[in-house]
Amino acid sequence: MFPILLSKLFSTLPRRPPRRRRERTPQGTGFVRATKRINLALQGGGAHGAFTWGVLDQLLADGRFAIDGISGASAGAVNAVMLADGLARGGPQEAQTRLAEFWRAASFGGTLPELQRGVVERLFSFVPRDTSPAQSWFGAMSRVWSPYDFNPLNINPLKDLVERFVDFEAIRDDNGSPLFVSATDVRTGSLRVFSRKDISAEAVMASACVPLLFHAVEIDGVPYWDGGYSGNPAVLPFLRSTATEDVLIVQINPLERHKVPTSTREIINRVHEITFNASLLAELRAIDFVGKLIDDGRLPRGTGPGEYRRLRLHRIVLDGMGEALDARSKLNNDYEFYDRLRKLGQEAAQRFLDAHFNDVGVRSTIDESRQLEREVA
């Protein structure tokens, strides 16, 4: 049964020839020339995606990794297109700038141009801030009213904000590394992976479409919801799309909670965390299975037709804030909160670099303390 399931998963993924992108390491910028290549898989999680911003910022500043493929879901999809846009425009420094400017613009803090502030305020006008007394009211009403009731005009200024920062036409025309954004087909529940040639503001909005906040996003007549339900993020495309065999997963939904949830809010939050991690764990099992088949000589290893990569997996996980991170904090758009998460991401990325840079290209590190064996058992 598992091989059949695996074949069905692969049938939904775009097949693209492996590409090598030209190194962009301007002379005199202070960046170290990249010595290793890596694919990035960026998980979604609302405002918690600012942690991923910090991880990316540190990796770009370090300069020793050349980023090959990028995959993202929900907030991870937003980070993915900001990163791809920056790299296409001017390399690592420009990518850092684009990410920083976007997260500043997506917050209530800071000094914003009037036009950007208007977009941000409209975006959060029907999503009360976490510290607002209206938050409890909104939480209750969202279980009674759907976005088709309280947002009948389907106002989604996040699209305006993303389009303001990303040149999607340039991304589609760029012959750079593979880029994947995942969304969930509302009708079938299946995964849809948008590849670089299909990337658009609509595809990103589909990937970030929280069902209780926004109308389903229709693309070619198909309605989509948040990609986190079916591919958070999608990792399987890397088995065929790039020559690079190392994948760094930036995971912002906790795998474990030490405290047993007892309140209704805590229970619902934990159910959501488990749900949004389920697709990732399923893909890790599939990747582990493919690796075993390659080791046994039952699958060919390579980048040609019918060949697969043997992926080495790595992971950076959001931690350090304990139980303070929950469903409500995913809607917290204070810049100070974003900045705390950014710093956590920078610190986590540096710890990974210090501990595992030499392992990249050699072995997986995700199974430290036998984590992977426990997850795929």
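Further up the page is the structure itself.
Throughout what follows, the structure given in this document is the object of discussion. (Residues numbered from 1 in each chain as written. Predicted model: local features only at pLDDT ≥ 70, side-chain atom pairs only at ≥ 80, totals over all residues. Heavy atoms only, no water.)

**Comments concerning the overall build of the chain**
Helix and strand counts for the chain stand at 14 helices and 8 strands. Across the 377 residues that make up the chain, the buried fraction comes to 57%. Carbon and sulfur atoms provide 52% of the accessible area of the chain, an area that totals close to 16500 Å². (Helix = DSSP H or I, 4+ residues; strand = E, 2+ residues; numbered from the N terminus. Buried < 20%, exposed > 50% of the residue type's maximum accessible area, 1.4 Å probe, protein only. Areas by Shrake-Rupley, 256 points an atom, 1.4 Å probe, with all protein chains shown as cover.)

**Points about the pattern of salt bridges**
Using the criterion set out here, one finds 18 salt bridges in the structure. Residues joined by salt bridges that share partners form a network here, namely Asp85, Arg89, Glu94, Arg98 and Glu101. (Salt bridge = Lys/Arg side-chain N within 4 Å of Asp/Glu carboxyl O.)

**So, the packing of helix 2 (residues 49-62) against helix 4 (residues 92-105)**
Contact pair helix 2 / helix 4: the axes reach a minimum separation of 9 Å and the direction vectors enclose 160°. Taken together, helix 2 and helix 4 sit at an angle that is classed as roughly antiparallel. The interaxial crossing formed by helix 2 with helix 4 has left-handed handedness. In this structure, helix 2 contributes Gly49, Ala50, Trp53, Leu56, Asp57, Leu60 and Ala61 to the contact, and helix 4 contributes Pro92, Ala95, Gln96, Leu99, Ala100 and Trp103. Taken together, the residues that form the contact of helix 2 with helix 4 break down as 10 nonpolar, 2 polar and 1 charged. (Axes fitted to C-alpha atoms, helices over the stretch in contact; angles between N-to-C directions. Parallel < 35°, antiparallel > 145°, perpendicular 65-115°, else oblique. Left-handed = near helix turned anticlockwise from the far one by under 90°. Contact = heavy atoms within 4.5 Å. Nonpolar A, V, L, I, M, F, W, Y, C, P; charged D, E, K, R; others polar.)

**Concerning the side chain of Glu283**
Assignment of secondary structure puts Glu283 in helix 12 (residues 264-295). Despite its burial, Glu283 pairs with no opposite charge, the nearest such side chain being Arg285 at 11 Å. Separated by 2.8 Å, the side chain of Glu283 and the backbone nitrogen of Leu236 make a polar contact. Sequence-distant contacts of Glu283, that is, excluding residues within four places in its chain, are made with Leu191, Gly231, Pro233, Ala234, Val235 and Leu236. (Lys, Arg positive; Asp, Glu negative; His and termini not counted. Polar contact = N/O pair within 3.5 Å; in protein donor to acceptor, adjacent residues only side chain to side chain.)

**Some details on the nonpolar core**
In this structure, Leu40, Phe51, Leu83, Phe102 and Tyr338 are the most contacted members of the largest nonpolar core, which totals 67 residues. Examining the composition of this core, we find that 9 residues originate from one element, helix 13 (residues 335-356), more than from any other. Residues in contact with Phe102, not counting those within four places in the same chain, are Val78, Met82, Leu158, Leu161, Val162 and Phe165. Phe180, Leu280, Ala286 and Leu293 belong to the second largest nonpolar core, which has 24 residues in total. (Core = buried A, V, L, I, M, F, W, Y, C linked by side-chain atoms within 4.5 Å.)

**Examining the pairing of strand 2 (residues 65-73)**
Looking along a regular strand, one sees side chains alternate from face to face of the sheet. The buried fraction of strand 2 is high, at 9 of 9 residues. With 6 bridges joining them, strand 1 (residues 36-42) and strand 2 adopt parallel strand pairing. By the bridge assignment, Arg37 is partnered in strand 2 with Ala66. As a crossover connection, the stretch from strand 1 through helix 2 into strand 2 is right-handed. Relative to strand 3 (residues 179-185), strand 2 is paired through 4 bridges, and the arrangement is parallel. Following the sheet pairing, Gly72 is matched in strand 3 by Val181. (Pairing = 2+ DSSP bridges. Right-handed = clockwise from strand over helix to strand, strands pointing away.)

**Quick word on the environment of Pro237**
When you line up the elements, Pro237 lands in the loop between strand 6 (222-225) and helix 11 (238-241). As for Pro237 and Ser195, which are separated by 42 residues in sequence, their C-alpha atoms are 9.5 Å apart.

**Digging into the pairing of strand 4 (residues 191-194)**
Inspection of the sheet shows strand 3 paired to strand 4 by 4 bridges, in the antiparallel sense. Bridge pairing in strand 4 links Val181 to Phe194. Hairpin connection from strand 3 to strand 4: 5 residues lie between these consecutive antiparallel strands, with Gly189 at a positive phi of about 75°.

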